[in-house]
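Listed below, chain by chain, are the residues.
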Amino acid sequence: MNFFEVIRFSLRGLSANKLRSALTMLGILIGVAAVILLVAVGNGSAKAISDRIEALGTNTITVMSTGRGGSSSTSLTKDMADALVDEQMAPDVKSVSPVVSSSSATMTYEGTDHSVATFVGTTPAWFTASTTPVERGSAFTDDDVAQGRRVVVIGKTVAEELFPGVDPIGKQVTVGGALFTIVGVLADKSSTGFDDANDRAVAPLTAVQQVLTGYGALTSIIVEAADPDRVDAVQGQVATILNQKLDVDPSSTSTPYRIQNASSLLETQSQTAATFTTLLGAVAAISLLVGGIGITNIMLVTVTERTREIGIRKALGAPRRVILTQFLIEASLLSVLGGALGVAAALIGSQFSIVGVKPVIVPSSIGYAVGVSIAIGLFFGGLPAARAARLRPIDALRYE
Amino acid sequence: MSRPVLEVTDLKKIYGQGEATVHALRGVSLTVERGDYVAIMGSSGSGKSTLMNILGALDTPSSGRYLLDGVDVSRLSDGQLALARNRLIGFIFQAFNLIPRTSAVANVELPLAYAGVKPKERRRRAMAALDVVGLADRAGHEPNQLSGGQQQRVAVARALVTEPALLLADEPTGNLDSKSTDDVLQVFDDLSAAGRTIVIITHEKEVGDRAKRLIRLVDGGIVTDARQSPLHLPPVGAARVAHGRAMVAGRHTR
Ligand SMILES: Nc1ncnc2c1ncn2[C@@H]1O[C@H](COP(=O)(O)OP(=O)(O)OP(=O)(O)O)[C@@H](O)[C@H]1O
Ligand SMILES: [Mg+2]
């Protein structure tokens, strides 16, 4: 009896027990799909978070004021920002971008209004520091800032809202009663949070101060390090200068400002995300185990019938080897097919966002899930068959 | 004289232990020559099936020696046993033992498949065997779609399909009406006339009468062993083929 014939026997065996075959495959399918999808969801949310942090720029630090009520002694000023550009005390600083922002600016163009989520006033260095390049047109220049020219670079959302199908560059819009000329459009920025990162406008610091925010405190100062490895050094240098400027007692633990370091944030975040993925992986492993128990159950429930069948086959002259091969092929076909369907289900499922997270498949999870389910299928499909094949035919026939 | 097909000496089979011990066979010695046609009779529980299972190499005795074609069966490996069961022995179970959810013809093909016969040839021979037992028109039916008698005849066809030198039948006519019984017995008579060895268990006297030799078992031991017709001649049944067929036909047309 050749191998090809044994395969035909297995296929006939599977089709003769359709319900059992289907249930076994379903068990494996669910187990495999659950593992892959859960791990993908964990990985997806971790990725979303790290994307969001990376979007802040990994070689920048952001200085923000912690002082409430805008008391002048604790607020950040343009003067402080200028002090940070210091070859001696802050050699690792590449650029400093003072930022003022307004969240209540309304932009009007030919009767159409759009309330811009964030209206930023800053210097040209901001575009590189915040990794928000200009896609069309150009950024404003240092000269524009010095002259307080009313030019503005708008985000994708603003462009779509106010200029559907029209090139916005060169158009004039009204913001806070003043006319601004659009000089550029920002590149699309992935927004993973609740607010739309494309719903913003960027104009020279001086212009924004004059029109919208007044010449008071800065919202924040973005400091770009010369090298991603020097971010921590920059943080120390910035702190030293600011402490001097703000007269902070070096022994005091509280400062009137807060420094946000994107790369250290990213680090903690990816650690948290790894924990999260591991947790989901554990949940998935349990579901695979449960799926495995399901498979085992189905296989064991039919063991009486299978044992009797093996008894008959042995009585008719089937050698142990042929019986074993047949049942092992049956079991592997079931688990491989179930596993493949499970992978397919997971791949389809990963196209949709699950609880607000876009799953990102981890290739190794596919390997693990399929491997484990095949092992379970083979073990519990093959073990009873192997045992039955060793019995005397008459004992197998009498098995209850 | 060639060596006997079956030779058992002081065969014992004990089931269970302690209080529940059953002595199913208490020292059976028996020699069956090539071409013999032996009927075994005995009351229920006398150990007939137990003996038959051992003769069919499906079970092992508790003690005693069993030579099949001169070879000690207890010394055979799994592969050799499988070969013997497949090529040498045709076994008909008291309980049919067809494979469920598998068509009659596929059931009959099974021993041929294990013998390595090609699928086409297999199908042809399986259909021929089903035809012999009058079930050619039920070839595609699964066991649960067949009556008890039909299942039994499928089991008979399965045992015949390899044309075994030794046919062991455990009450092959137990579920059959007299017409089917006669058909099956006719097949046995023909096989016997063709020189094959047959051992058959039965409760029916008419069936026992057609064999060349009748053995009676009581309580796990042989009590009588009588030759009814010569070993080297065709069995009585085969001799009156035409007559018997006419008689059966007559009985049924009435
Ligand atoms: N697996 C077993 N375990 C325990 N006892 C058994 C087993 N098989 C058979 N027996 C006992 O052995 C004795 C002989 O059984 P066997 O099946 O050989 O009888 P039999 O002559 O074929 O009967 P019947 O005509 O009813 O088929 C019986 O008493 C039975 O109870
Ligand atoms: Mg019996």
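As named in an unreviewed UniProt entry, chain B is ABC transporter ATP-binding protein, taken from Actinoplanes flavus.

Per an unreviewed UniProt entry, chain A goes by ABC transporter permease and derives from Actinoplanes flavus. As stated in UniProt under Subcellular location (unreviewed entry), the record for chain A gives "Cell membrane". As its UniProt record puts it under Sequence similarities (unreviewed entry), chain A is described as follows: "Belongs to the ABC-4 integral membrane protein family."

**Examining the coordination of the magnesium ion (ligand 2)**
Residues and elements named next belong to chain B. Every protein donor of the magnesium ion (ligand 2) is listed here as S49 (OG) and Q94 (OE1), and their distances to the metal cover 1.9 to 2.3 Å. On the criterion of sequence distance, the pair formed by S49 in helix α1 (residues 48–55) and Q94 in the loop between β6 (89–92) and α3 (104–114) is long-range, its members being 45 residues apart. The exposure class of Q94 is partly exposed, given its relative accessible area of 38%.

**Re the sheet that holds strand β1 (residues 6–15) of chain B**
Whenever strands of a sheet pair, they do so through backbone hydrogen bonds, lying parallel or antiparallel. All names here are of chain B. Taken in spatial order, the four strands of this open sheet run β2-β1-β4-β5, and their pairing is antiparallel. Across the chains shown, the open sheet's two edge strands, defined by having one partner strand only, are β2 (22–32) and β5 (71–72). The pairing of β1 with β2 spans eight bridges and is classified as antiparallel. Counterpart to L6 in the pairing with β2 is V32. Contacts between α1 and the sheet are confined to β1, β2 and β4 (63–68), with β1 contributing the most and set at about 125 degrees to the helix.

**Thoughts on the sheet that holds strand β9 (residues 213–218) of chain B**
Residues and elements named next belong to chain B. Within the open sheet, the six strands sit side by side as β6-β7-β8-β3-β9-β10. Their pairing is mixed. Here the strands that pair on one side only, and so sit at the sheet edges, are β6 and β10 (221–227). Averaged over all pairs of adjacent strands, the angle between strand axes in this sheet comes to 15 degrees, irrespective of strand direction. Its contacts with the sheet put helix α2 (residues 78–88) on β6 and β7 (166–170), and the angle it makes with β6 is roughly 80 degrees. Its contacts with the sheet put helix α5 (residues 148–160) on β6 and β7, and the angle it makes with β6 is roughly 175 degrees.

**Observations concerning the UniProt feature "transmembrane region" (unreviewed entry) in chain A**
Residue and element names in this part refer to chain A. UniProt records the feature "transmembrane region" (unreviewed entry) for residues 21–42, 279–301, 322–348 and 360–383 in the present numbering. Split by type, residues 21–42 is 100% helix and 0% strand. Its first and last C-alpha atoms lie 32 Å apart. Along residues 322–348 one finds 100% helix and 0% strand; the C-alpha atoms at either end are 38 Å apart.

**A closer look at the interface of chain A and chain B**
Of the residues lining the interface, 26 residues belong to chain A; the matching set on chain B comes to 26 residues. Three residues stand out in chain A for area buried against chain B, namely I312(A), L316(A) and I394(A), and they jointly supply 24% of the buried area on that side. Linking chain A with chain B are four salt bridges. Of the charged contacts, one joins R320(A) and D78(B) as a salt bridge, the two residues approaching to 3.7 Å between their closest N and O atoms. Joining chain A to chain B, the criterion identifies twelve residue pairs in polar contact (both at pLDDT 80 or more). Among the elements of the structure, α1 (3–16), α10 (303–315), α11 (320–349) and α13 (393–398) of chain A are those that each provide at least two residues to the side of chain A that touches chain B. No other element matches α10(A), which puts seven residues into the side of chain A that touches chain B. Class assignment of the residues belonging to the side of chain A that touches chain B gives a composition of twelve nonpolar, three polar and eleven charged.

Definitions and cut-offs
- Residues numbered from 1 in each chain as written.
- Chains lettered and ligands numbered in written order.
- Predicted model: local features only at pLDDT ≥ 70, side-chain atom pairs only at ≥ 80, totals over all residues.
- Heavy atoms only, no water.
- UniProt positions renumbered as here; feature names shortened; annotations may be inferred.
- Donors = N, O, S within 2.8 Å, 3.2 Å for Na, K, Ca; no water.
- Helix = DSSP H or I, 4+ residues; strand = E, 2+ residues; numbered from the N terminus.
- Buried < 20%, exposed > 50% of the residue type's maximum accessible area, 1.4 Å probe, protein only.
- Pairing = 2+ DSSP bridges.
- Contact = heavy atoms within 4.5 Å.
- Axes fitted to C-alpha atoms, helices over the stretch in contact; angles between N-to-C directions.
- Buried area = accessible area lost by both parts, 1.4 Å probe.
- Salt bridge = Lys/Arg side-chain N within 4 Å of Asp/Glu carboxyl O.
- Polar contact = N/O pair within 3.5 Å; in protein donor to acceptor, adjacent residues only side chain to side chain.
- Nonpolar A, V, L, I, M, F, W, Y, C, P; charged D, E, K, R; others polar.

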